[in-house]
Amino acid sequence: MSPSPTLFLSVTDVAALVRQRGVAACIAGIADGLHADFLRWRDFDKCARLAHHSPGGVIELMPISDGVTYSVKYVNGHPGNPAAGLPTVMAFGVLADVATGVPVLVSELTLTTALRTAATSALAARWLARPDSRVMALVGNGAQSEFQAIAFQHLVGIEALRVFDTDARATEKLVANLQGSGLRVQACASVREAVHGADIVTTITADKASATILAADMLAPGMHVNAVGGDCPGKTELEPAVLGLGKVFVEFAPQTRVEGDIQRMPADFPVTELWEVFSGRRTGRDNEAQVTVFDSVGFALEDHAALRFMHAAALEAGLGERLALVPQLADPKDLFGALLPAGAPLQQRGPVNRPSAAPRTRAGSPSPAPRCDRPA
Ligand SMILES: NC(=O)c1ccc[n+]([C@@H]2O[C@H](COP(=O)([O-])OP(=O)(O)OC[C@H]3O[C@@H](n4cnc5c(N)ncnc54)[C@H](O)[C@@H]3O)[C@@H](O)[C@H]2O)c1
């Protein structure tokens, strides 16, 4: 039995899919699948991602499996890229059948990462932020920011944004992109001004530095902090005192202790994993006045859920292209045969690199065709 050709989803396909369904509906669909996956946390074979660091950024591989479906994402993080006309974050990924290893889907994951990161942030906030939260500060107005805004509007009930970026053009772009969304958007002159009066604070900046974007004295009791941009060793956003203000929640502690804002805290700094809250094992927010912090770094479980969502949605919409990524072999042991001319019967196949003119023997008759280095 030959494997079915792999489905390939390009950026164009995923953009078409998201336009068809709507950004909010895609984020909500991914969040639903992800929530269900968090509830079966123990089904997943989990590990921290494999990171290759360089002076300008990081390239990471993020594998995970639930014993039925395996996924892996390739993703980079290069905060200096926009200055060279490139995105900070670019990604693609694979979904494979665990039973056979057949790659079922190869997909772009740059757009999909923005959707799944927003889905994860909003899902966490639904459980951790005060239910009456209506105003969000959004610090960092780059590639991810609109996705976060729409996720918090539709999944959490945010009505107004207070936005700030050190790059005024990024803020202008965000404001323009959110026109007609129904969100009230106010551009602010500083992080402090944006945070003042907010119920939720999202930090989603990019800088390869132990930065302090958000300081403890900017926060008020009861706020929820959605800290997304501190996701790599030596790359943080929160003053350590912010982490001491209340309760800190993470995706997968072994990875977040290395990559998250808690990298600046002692190794035994207390954290709660999201799945523990969703499953009722541990409490989330304990009271109205508590400060809650989601120290987000991005975990492979989220990409697994997002890839499965996109795969199902693309099949339903008839989008994507079939790729001959792995050979389709009549005889699975005859891989060499894939190099030979199509349709050539086994006995009559010529060599792979037949010389253009067969060498002549002394008598002038063609020499026998050179043999493949395998039994005919
Ligand atoms: N946790 C996750 O799952 C996850 C997923 C995707 C991206 N990220 C991270 O989120 C961050 C944003 O990603 P992006 O794709 O939007 O990057 P981006 O480069 O498009 O945008 C980042 C923005 O942050 C702004 N910025 C930098 N320093 C700032 C500061 N001190 N104050 C205010 N704004 C500042 C920049 O001007 C830029 O507009 C990155 O650090 C990325 O690694 C995390």
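The paragraphs below set out a description of the structure included in this document. Along each chain, residue indices are assigned from 1 in the same order as the chain's sequence is written. With the structure being a predicted model, the display of local features is reserved for residues of pLDDT at least 70 and the display and counting of side-chain atom pairs for 80 or more, all residues being used for whole-chain, interface and lining totals. The side-chain quantities take in all heavy atoms of the structure and omit both hydrogens and water.

**Digging into the overall build of the chain**
Operational definition: The secondary structure listing takes helices from DSSP runs of H or I that are at least 4 residues long and strands from runs of E that are at least 2 residues long, numbered from the N terminus. Whether a residue is buried, partly exposed or exposed follows from its accessible area with a 1.4 Å probe, protein chains only, as a fraction of its type maximum: under 20%, in between, or over 50%, in that order. Residues count as neighbours in contact if any of their non-hydrogen atoms are within 4.5 Å of one another. For every accessible area listed, the method is Shrake-Rupley and the probe measures 1.4 Å; residues are considered covered only by the protein chains on display. In this tally Asp and Glu are treated as negative and Lys and Arg as positive; neither His nor the chain ends contributes. Just so you know, the charge point we use is NZ for Lys, CZ for Arg, CG for Asp and CD for Glu.
In terms of regular secondary structure, the chain is built from ten helices and 17 strands. Dimensions of the chain, computed from the C-alpha atoms along their principal axes, are close to 100 × 45 × 40 Å. Of all 376 residues assigned to the chain, the portion counted as buried reaches 50%. Taking as baseline every contact in the chain between residues at least 6 positions apart, the subset at least 24 positions apart corresponds to 70%. Only carbon and sulfur atoms are counted for the fraction: they give 57% of the accessible area of the chain, which is about 17300 Å². The average position of the 33 basic charges and that of the 38 acidic charges among the side chains of the chain differ by 8 Å.

**A look at the packing of aromatic side chains**
As a reminder of what qualifies: Think of it this way: a Phe, Tyr or Trp ring, Trp meaning its six-membered ring, pairs with another when their centres are within 6.5 Å, and the plane angle makes it stacked under 30 degrees, edge-to-face over 60, tilted otherwise. Throughout this description, the term charge over a ring refers to an Arg CZ or Lys NZ atom that lies within 6 Å of the ring centre and within 35 degrees of the ring normal.
Following the criterion strictly, the structure yields eight aromatic pairs and no others. Measuring from ring centre to ring centre gives 5.3 Å for Phe38 and Phe278, while their planes differ by 75°; the resulting arrangement is edge-to-face. Highlighted residues: Phe38 in helix H2 (residues 23–39) and Phe278 in helix H9 (residues 274–278), separated in sequence by 240 residues. Accessibility classification places Phe38 together with Phe278 in one group, the buried group. One aromatic cluster is present, built from ring pairs that chain together Phe38, Trp41, Trp127, Phe252, Trp275, Phe278 and Phe299. Between Lys46 and the ring centre of Trp41, over which it is positioned, the NZ or CZ distance is 4.7 Å.

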